[in-house]
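Okay, here's what each chain looks like letter by letter:
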Amino acid sequence: MNKKILVIGSLNMDMVIPVKELPQRGETILGGSPDYIPGGKGANQACAAGKLGGTVTMLGKVGRDAMGQSLKENLAAAGVDVSHVEETPDAPTGMAVIYVSEGGSNSIVVIPGANGLCDRAYIEANEELIAASDIVVLQLEIPYEAVFQAIRLAKKHGRLVVLNPAPAPDSLPEEVIASLDYFTPNETELARIAGMPVGGVEEAIAAGKALVARGVGTVLATLGEAGALLVTAEEARVIPTLRVKAVDTTAAGDTFHGAFVTALGEGMEEAAAIAFGNKAAAISVTRKGAQTSIPSRQEVDAV
């Protein structure tokens, strides 16, 4: 039986604007016609887990508006339980404005909206849901106080905690770092939170080891085309990804996370779960958009 996955985080409507090259500071450029695509790091990870066969529930807030309704309907269609997503009259649904270059790179501006109202009290009101879950997955697009309290409650109830530290803060409280079963940064996030340079695999391993020494159970750093780096107290190794031509990298990391926790929930060993996440992420970058780029379980299994 699959373990229950709870994703706590942001729900955004992404406005995706195609551009030839990403704008430089002070530069005005022309863009193509925008697409409106369901996104938000939390919702993306929940959507990926749902589409890939996970038993997943989403916890977060949207505005009492058409965009919020659309986001909930899209997650539900992916197999995600959205009955705990709150519709608030006090703020609009969050948005992200995403510029995507012809080469597949992106630049993102996030407008929190209702996500900013996910406070500590909201998390505490949902303690029973946290206690009833097996794996609790978090990011940093809702207020830090809510994320940190969710981690405390998850550990209180003995749950597995996965933190994707994006967008990356300058630091995290030592109490939080020591509570993480899986810490899943990209190279930039790893460098910032470890306070060490990460310019390649060897430096990434050193930074990962430093975080393990501070109490993290496992550091799982995504290294783009190089794959994923697994660092524990006992080992450090890179698990390679597939080579593909990138069209849009918008939700690659989120797809990886959703796939990874789904595989863990099915009882896969870490290395196999990481390889599964790598495959799902590789497929996602060959398509445009956030949740629209996430592959089905059949597509990943076929690779």
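Above this note sits the structure.
Worth saying up front: this structure is predicted, and the values here are computed from it rather than measured.

Asks: Can you tell me about unusual backbone geometry, naming the residues and giving the values?
Replies: Note on backbone geometry: most residues besides glycine have negative phi, and most peptide bonds are trans. That bond from Ala166 to Pro167 is cis: its omega, -5°, falls within 30 degrees of zero. Mapped onto the elements, Pro167 comes out in the loop between strand E10 (160-163) and helix H6 (174-177).

Asks: Talk me through the pattern of salt bridges; I want residue IDs and the actual numbers.
Replies: A complete count under the given rule lists 13 salt bridges for this structure. For the salt bridge of Glu174 with Arg214, the shortest nitrogen-to-oxygen distance reads 2.6 Å. Here Arg214 lies in the loop between helix H8 (201-213) and strand E12 (218-222) and Glu174 lies in helix H6, a separation of 40 residues in the sequence. A salt bridge links Glu266 to Arg297, with the nearest nitrogen and oxygen atoms 2.7 Å apart. Highlighted residues: Glu266 in the loop between helix H9 (252-265) and helix H10 (270-284) and Arg297 in helix H11 (residues 297-301), separated in sequence by 31 residues. Note on Glu266: relative accessible area 32%, which makes it partly exposed.

Asks: Describe in detail the packing of helix H7 (residues 187-194) against H8, supporting the description with residues and values.
Replies: For the pair H7 and H8, the least separation of the axes is 10 Å and the interaxial angle reads 50°. Relative to H8, the element H7 is oriented oblique. For the pair H7 and H8, the sense of crossing is left-handed. Of the residues in H8, those touching H7 at Leu190, Ile193 and Ala194 are Ala204, Ala207, Gly208 and Leu211. A breakdown of the residues in the contact of H7 with H8 according to their chemical character gives 6 nonpolar, 1 polar and no charged.

Asks: Describe the sheet that holds strand E3 (residues 35-39), with residues and values.
Replies: Taken together, the 4 strands give an open sheet; going across it, the order is E3-E2-E7-E8, and neighbouring strands pair in mixed fashion. Sheet topology places E3 and strand E8 (106-111) at the edges, where each strand pairs with a single neighbour. In this sheet, neighbouring strand axes are inclined to one another by 25° on average, regardless of whether the strands run parallel or antiparallel. Summarising the sheet, strand E2 (residues 12-18) and strand E7 (residues 94-100) pair through 7 bridges and their orientation is parallel. Along E7, the bridge assignment pairs Asn12 with Gly94. Together, E2, E3 and E7 form the strand contacts of helix H2 (residues 66-77), whose direction differs from that of E2 by roughly 95°.

Calculation notes
- Residues numbered from 1 in each chain as written.
- Predicted model: local features only at pLDDT ≥ 70, side-chain atom pairs only at ≥ 80, totals over all residues.
- Heavy atoms only, no water.
- Helix = DSSP H or I, 4+ residues; strand = E, 2+ residues; numbered from the N terminus.
- Salt bridge = Lys/Arg side-chain N within 4 Å of Asp/Glu carboxyl O.
- Buried < 20%, exposed > 50% of the residue type's maximum accessible area, 1.4 Å probe, protein only.
- Axes fitted to C-alpha atoms, helices over the stretch in contact; angles between N-to-C directions.
- Parallel < 35°, antiparallel > 145°, perpendicular 65-115°, else oblique.
- Left-handed = near helix turned anticlockwise from the far one by under 90°.
- Contact = heavy atoms within 4.5 Å.
- Nonpolar A, V, L, I, M, F, W, Y, C, P; charged D, E, K, R; others polar.
- Pairing = 2+ DSSP bridges.

All quantities given are derived from atomic positions and should not be read as evidence of function.
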